[in-house]
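An overview of the molecular structure
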Amino acid sequence: MTGNQWGYGKDDGPSAWNTNYPVADGDRQSPIDILPHQARHDPNLGPIVLNYDRCTSINIANNGHSVVVEFEDSDDRSVIQGGPLDNPYRLKQFHFHWGGKGCHGSEHTVEGNSYASELHLVHWNAVKFKTFGEAASTSDGLAVLGIFLETGDEHRWLHMITDALYTVKFKGSVTDFKGFNPKCLLPSSLHYWTYLGSLTTPPLHESVIWIVVKEPMIVSEKQLGKFRTLVFTGEEEDERTRMENNFRPPQLLKGRTVRSSN
Ligand SMILES: CCCCCCc1ccc(S(N)(=O)=O)cc1
Ligand SMILES: [Zn+2]
């Protein structure tokens, strides 16, 4: 792996990340396998509160690892709070992880079972930190809301994302993506598990308070298939490597406690 290039292939994938990112073998790495019966129900864990009504999406991009929708985060216009969080955390971006045709692609698993895909809504603590980068490299600077995607009926709003994917087929492509509110992607119940973990891609900083929602969102196989029309590679490169299986497998719990809201 020259430089800090990393990927999901045989030579640059998750099993090789610890070469350039030794924290990969740390004590609070993500994702994990969640065992609901071993999670501690904590009555002090209040509900997650999302104030996304004034959120401002900016663009959608292919960063060579996933498809990312970025938000304006210069003020507290879209925040997550409550649950395990002591402060409001600002929405910065969301992105997805998915599998290949028919196989699974979520990062967190539940009793060893994985879902077809996983949506991550990434937020940062702008009360304690000045920039996202600073928050992302400091313990508990980030709060990531994880939502599982399960295949079934078509999702009535996901087409807003999948219809735009053809504009960001290649690594490095960015297109305007205004007026999208991710609240439309959330399942009806926000009951969750929460634990202290890390970024699931390099630099793998151990800076994340994970909030994994129990109820999956349902999307169609056809909608999911559109994510696989993206490629990891740039337009100028000759090979076209289909973007799929961009997930890290579960990491050791190393004594951590997973708590459960009701
Ligand atoms: C100092 C810069 C850090 C950029 C961190 C970018 C990033 C955000 C979220 C996730 S994920 N999959 O854990 O939600 C992975 C990576
Ligand atoms: Zn992610």
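In the block above lies the structure referred to throughout.
All of the points below concern the structure found in this document. The model shown is predicted, which means the values in this text are computed figures rather than measured ones. (Residues numbered from 1 in each chain as written. Chains lettered and ligands numbered in written order. Predicted model: local features only at pLDDT ≥ 70, side-chain atom pairs only at ≥ 80, totals over all residues. Heavy atoms only, no water.)

Regarding the coordination of the zinc ion (ligand 2)
The condition is simple: Coordination partners: N, O, S within 2.8 Å of the metal, 3.2 Å for Na, K and Ca; water not considered, so apparent gaps in a site are possible. When four donors show all angles between 85 and 135 degrees the site is tetrahedral, when four or six donors have opposite pairs over 155 degrees and all other angles between 65 and 115 it is square planar or octahedral respectively, and in every other case it is irregular. Residue exposure (1.4 Å probe, protein chains only): buried if accessible area is under 20% of the type maximum, exposed if over 50%, otherwise partly exposed.
Summarising the metal site, the zinc ion (ligand 2) is bound by the protein donors His95 (NE2), His97 (NE2) and His120 (ND1), whose distances to it range over 2.0 Å. Coordination at the zinc ion (ligand 2) is tetrahedral: its 4 donor atoms span angles of 99 to 117 degrees at the metal. In primary sequence terms, the donor set of the zinc ion (ligand 2) follows H-x1-H-x22-H. Just as His95 is buried, His97 falls in that class too.

Focus on the environment of Arg259
Just so we agree on the cut-off: The secondary structure listing takes helices from DSSP runs of H or I that are at least 4 residues long and strands from runs of E that are at least 2 residues long, numbered from the N terminus. We call two residues in contact whenever any of their non-hydrogen atoms come within 4.5 Å of each other. N or O atoms closer than or at 3.5 Å make up a polar contact, with two conditions inside protein: a donor-capable atom paired with an acceptor-capable one, and, for residues adjacent in sequence, both atoms drawn from side chains.
Residue placement: Arg259 occurs in strand β15 (residues 259-260). The class of Arg259 is partly exposed, set by a relative accessible area of 28%. Sequence-distant contacts of Arg259, that is, excluding residues within four places in its chain, are made with Arg40, Asp42, Leu45, Pro84, Tyr192, Trp193 and Thr194. Separated by 2.9 Å, the side chains of Arg259 and Asp42 make a polar contact.

As for the layout of surface pockets
Remark: the empty space left among the atoms is shown by a probe the size of a water molecule rolled over them. Our working definition: Here a cavity denotes grid points, spaced 1 Å and computed from the protein atoms alone, that fit a 1.4 Å probe unable to get out, and a pocket denotes an open set having protein on both sides within 12 Å along at least 5 of 7 lines; residues with an atom within 4 Å of a point are the lining. Grid points are joined across faces, edges and corners, and a volume is the space filled by probe spheres set on the points. We call Asp, Glu, Lys and Arg charged. Ala, Val, Leu, Ile, Met, Phe, Trp, Tyr, Cys and Pro are nonpolar, and the rest, Gly among them, are polar.
Roughly 480 Å³ of internal volume is contained in the largest pocket. In this structure, the largest pocket is lined by 24 residues; those nearest its centre are Gln93, His95, Leu199, Thr201 and Pro202. Every element with two or more residues in the lining of the largest pocket is listed here: β5 (67-71), β7 (89-98), β9 (117-124), α2 (132-136) and β10 (142-151). Classifying every residue of the lining of the largest pocket by side-chain character gives 12 nonpolar, 10 polar and 2 charged. Within this model, the second largest pocket holds a volume of roughly 400 Å³. What lines the second largest pocket is a set of 16 residues, and nearest its centre among them are Trp6, Gly7, Asp12, Lys171 and Phe232. Looking at the lining of the second largest pocket residue by residue, the classes come out as 4 nonpolar, 8 polar and 4 charged.

Thoughts on the pattern of salt bridges
Keep this limit in mind: Any Lys or Arg side-chain nitrogen found within 4 Å of a carboxyl oxygen on Asp or Glu counts as a salt bridge.
Scanning all chains against the criterion turns up 12 salt bridges. Lys92 is the salt-bridge partner of Glu70, the closest N and O atoms lying 3.8 Å from each other. Placement of Glu70 in strand β5 and of Lys92 in strand β7 is noted, with a sequence separation of 22 residues between them. For Asp163, the salt bridge goes to Lys226, with nearest N and O atoms at 4.0 Å. Taken as a pair, Asp163 in the loop between α3 (159-162) and β11 (174-176) and Lys226 in helix α4 (residues 221-227) lie far apart in primary sequence, 63 residues in all. You can call Asp163 partly exposed: its relative accessible area is 42%.

Some thoughts on the packing of aromatic side chains
The description of two aromatic rings rests on the distance between their centres and on the angle between their planes. Note the following rule: Pairs were defined over the aromatic rings of Phe, Tyr and Trp, the Trp ring being its six-membered one, requiring ring centres within 6.5 Å. Orientation was assigned from the angle between planes: stacked under 30 degrees, edge-to-face over 60, tilted for the rest.
Per the stated rule, a full pass over the model turns up 11 aromatic pairs. A ring pair is formed by Trp6 and Tyr8, whose centres lie 5.7 Å apart and whose planes are at 75 degrees; its orientation type is edge-to-face. For Trp6, a relative accessible area of 13% corresponds to the buried category. Judged by its relative accessible area of 16%, Tyr8 is buried. Seen from their ring centres, Trp98 and Phe227 are 5.1 Å apart, and the 50 degrees between their planes marks the pair as tilted. Taken together, the residues Trp98 in strand β7 and Phe227 in helix α4 connect sequence positions 129 residues apart. One exposure class covers both Trp98 and Phe227, and it is buried. Members of the aromatic cluster, each reached through a chain of ring pairs, are Phe71, Phe94, Phe96, Trp98, Phe177, Phe180 and Phe227.

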